[in-house]
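Analysis of the macromolecular model
So you can see what is in the structure, the chains are spelled out below.
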Amino acid sequence: MRNFTHKLILIAALMLFAMPLAAMAQESTQIFGGYSYLRGDDDDGGVDLHGWNVSVNQNFKKWIGLKADFSGHYGEVSVISTLNKSDLNAYLFLVGPQFNLPGTDRVKPFAHVLFGAMRTSLTTFPTTGRVTLRDSAFAMAVGGGLDVKLTDIIAIRLFQTDYVLTRFDDDTQNNFRASTGIVFKFKN
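Calculation rules
Residues numbered from 1 in each chain as written. Predicted model: local features only at pLDDT ≥ 70, side-chain atom pairs only at ≥ 80, totals over all residues. Heavy atoms only, no water. Helix = DSSP H or I, 4+ residues; strand = E, 2+ residues; numbered from the N terminus. Buried < 20%, exposed > 50% of the residue type's maximum accessible area, 1.4 Å probe, protein only. Contact = heavy atoms within 4.5 Å. Areas by Shrake-Rupley, 256 points an atom, 1.4 Å probe, with all protein chains shown as cover. Polar contact = N/O pair within 3.5 Å; in protein donor to acceptor, adjacent residues only side chain to side chain. Phe/Tyr/Trp six-rings, centres within 6.5 Å; stacked < 30°, edge-to-face > 60°. Lys NZ or Arg CZ within 6 Å of the ring centre and 35° of its normal. pLDDT = per-residue confidence, 0-100. Pairing = 2+ DSSP bridges. Salt bridge = Lys/Arg side-chain N within 4 Å of Asp/Glu carboxyl O.

**Some thoughts on the overall build of the protein**
- If you tally the helices and strands in the protein, you get one helix and eight strands.
- Starting at the N terminus, the α and β elements of the protein follow one another as α-β-β-β-β-β-β-β-β.
- Every one of the 188 residues in the protein was classed for burial, and the buried ones make up 38%.
- Residue pairs at least 24 apart in sequence account for 54% of intrachain contacts in the protein once pairs closer than 6 positions are excluded.
- In the form shown here, the protein has an accessible surface area of approximately 10,600 Å², with 64% of it arising from carbon and sulfur atoms.

**As for the environment of Lys108**
- Looking at where Lys108 falls in the secondary structure, it is placed in strand S5 (residues 107-124).
- Among the residues examined, Lys108 registers a relative accessible area of 32% and is labelled partly exposed.
- Each C-alpha atom of the pair Lys108 and Ala155 lies 9.5 Å from the other, and the pair is 47 residues apart in sequence.
- Setting aside anything within four residues of it in sequence, one finds Lys108 in contact with Gly145, Leu146, Asp147 and Lys185.
- Reaching out from Lys108, the side chain makes a polar contact with the backbone oxygen of Thr104 at a distance of 3.1 Å.

**Considerations on the packing of aromatic side chains**
- On inspection of all chains with the given rule, the structure shows two aromatic pairs.
- For the ring pair Tyr74 and Tyr91, a centre distance of 5.7 Å and an interplane angle of 75° mean the geometry is edge-to-face. One end of the pair, Tyr74, is in strand S3 (residues 64-77); the other, Tyr91, is in strand S4 (residues 86-100), and 17 residues separate them in sequence.
- Judged by its relative accessible area of 14%, Tyr74 falls in the buried class.
- Over the aromatic face of Phe32 sits the side chain of Arg157, whose NZ or CZ is 4.5 Å from the ring centroid.

**Here's the deal with the confidence of the model for the protein**
- On average, residues of the protein carry a pLDDT of 84, and 81% of them reach 70 or more.
- Here residues 21-25 scores under 50 on pLDDT; set against residues more than four positions off or in separate chains, the count is seven contacts.

**Some words on the pairing of S3**
- In terms of strand pairing, strand S2 (residues 47-59) meets S3 through 10 bridges, oriented antiparallel. What sits directly across from Val54, in S3, is Phe70.
- Hairpin connection between S2 and S3: a loop of four residues separates the two successive antiparallel strands.

**Remarks on the pattern of salt bridges**
- Applying the stated criterion to the full structure yields six salt bridges.
- Asp48 is the partner of Arg39 in a salt bridge, and the nearest nitrogen-oxygen pair spans 2.8 Å.
- For Arg39, a relative accessible area of 30% corresponds to the partly exposed category.
- Asp48 gets classed as partly exposed once you look at its relative accessible area, which sits at 39%.
- A salt bridge links Lys149 to Asp152; its shortest N-O distance comes to 3.4 Å.
- Residue Lys149 is classed as partly exposed on the basis of its relative accessible area of 24%.
- Its relative accessible area of 62% is what places Asp152 among the exposed residues.
- One salt-bridge network, in which partners are shared between bridges, spans Asp69, Asp162 and Arg177.

Take a look at the structure:
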């Protein structure tokens, strides 16, 4: 849990550092950070992972922008019933277009199609010590969400949901991700 807290502090510091940079952007910029849940597809029916999600969206027009989305998810899984629980970490690195859909001045829906990679790390603890296996694979996320404006620069992301497709070992996994948090908006 301590590692998770350190990661949240690092993310918050990075967001605060990025805020002045975003204010200098030519068009509107949105920086999001918050909690994320990933329901990972595996051969045993699925695994629940909890973590964080951070994204930056640079709008080129009122209706379209380029989004970079990063998330980390953590949990424990049983690999073999005779072993203790194993630690599973999954990181998504995605980029793609975000479409700002018609809404009201206060409620802003959006949709996106993102492409990139997922990086996983599985650490087991057999009697001989510690063994870590890492793998990377293609990832794609299709989804959207809803932001609710609180002030001119702060909004709450009520939800962001994504279907996340990954391809590990020539096998397709169908995952689900849900995130919520705070959005900082900057206009030039």
